[in-house]
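# A look at the structure
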Amino acid sequence: MGGPSRVPHRVAGLILAAGAGRRYGGPKAPVFLGPALRVLRGGGCDPLIAVLGAGARETRAAVDLDGVRVVDNPGWAEGMASSLRLGLATAARIDGAAAVCVHLVDMPGVSAAAVARLLARAHPGCLVRACYDGEPGHPVVMGRDHWAAISPTLRGDQGARAYLRQHAAQVTVVECGDVAAGHDVDER
């Protein structure tokens, strides 16, 4: 059902895994990063980038990060925006990456099939967003043409929400509720 061979352009997988996980009771990366990496890889992302912050030492001890570009975010407490900014800057240094698939570490219901469905629409000018039963969610695929414009809009824990809202007419929404669940571990 659409694996790596169906991806029309090279798409880097970017997992935001730097948060403290206060509602969860501690950093989520040591528990959820391994499965999230497998989902992105299985969906066709290459290479993989993981942004770590809180619990980085524990994550490195618990998760096989071989072949993953690991970025430490010293400003992780500022919110998701700082991690996304670092991840996009890392992706920008990857030759041939047409887009980045941004995934949140705490969404274990996202499947490789959902990622592959999004990547099938990836290209340098794309904005592609998963939705679940009509509700927008993650992952989000952002083409290289948008990266420089997204970074200055990033604030706090909102990620690229404002940019996506501002460019809503350009966003391709892809229903993934039939192959994945779009809630995070705090919403169960």
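Residues numbered from 1 in each chain as written. Predicted model: local features only at pLDDT ≥ 70, side-chain atom pairs only at ≥ 80, totals over all residues. Heavy atoms only, no water.

## Structural notes on the pairing of strand β3 (residues 68–72)
To be explicit about the condition: The rule for pairing is simple: two strands pair if DSSP sees at least two bridges between them. Helix and strand assignments follow DSSP, with helices taken as H or I runs no shorter than four residues and strands as E runs no shorter than two, numbered in order from the N terminus. A clockwise path from the first strand over the helix to the second, with the strands pointing away from the viewer, defines a right-handed crossover.
Bridging between strand β2 (residues 48–52) and β3 involves five bridges; their strand directions are parallel. For V51, the partnering residue across the bridge sits in β3 and is V71. Remark: the β2/helix α2 (residues 56–62)/β3 crossover connection has right-handed handedness.

## A closer look at the sheet that holds strand β6 (residues 135–143)
The condition is simple: Axis geometry follows a simple rule: fit a line to the C-alpha atoms, using only the stretch in contact for helices, then measure angles between N-to-C directions, giving values from 0 to 180 degrees. Contact between two residues is taken to exist if any of their heavy atoms lie within 4.5 Å; hydrogens are not considered.
One open sheet accounts for seven strands, arranged β3-β2-β1-β4-β6-β5-β7; its pairing is mixed. Of all strands in the sheet, those bounded by a partner on one side alone are β3 and β7 (171–175). Between one strand axis and the next, the sheet turns through 25 degrees on average, direction left out of account. The strands that helix α1 (residues 29–43) touches are β1 (11–17), β2, β3 and β4 (99–104); relative to β1, the one it contacts most, it runs at about 165 degrees. Packed on one face of the sheet, helix α3 (residues 80–92) meets β1, β2, β3, β4 and β6 and runs near 155 degrees to β1.

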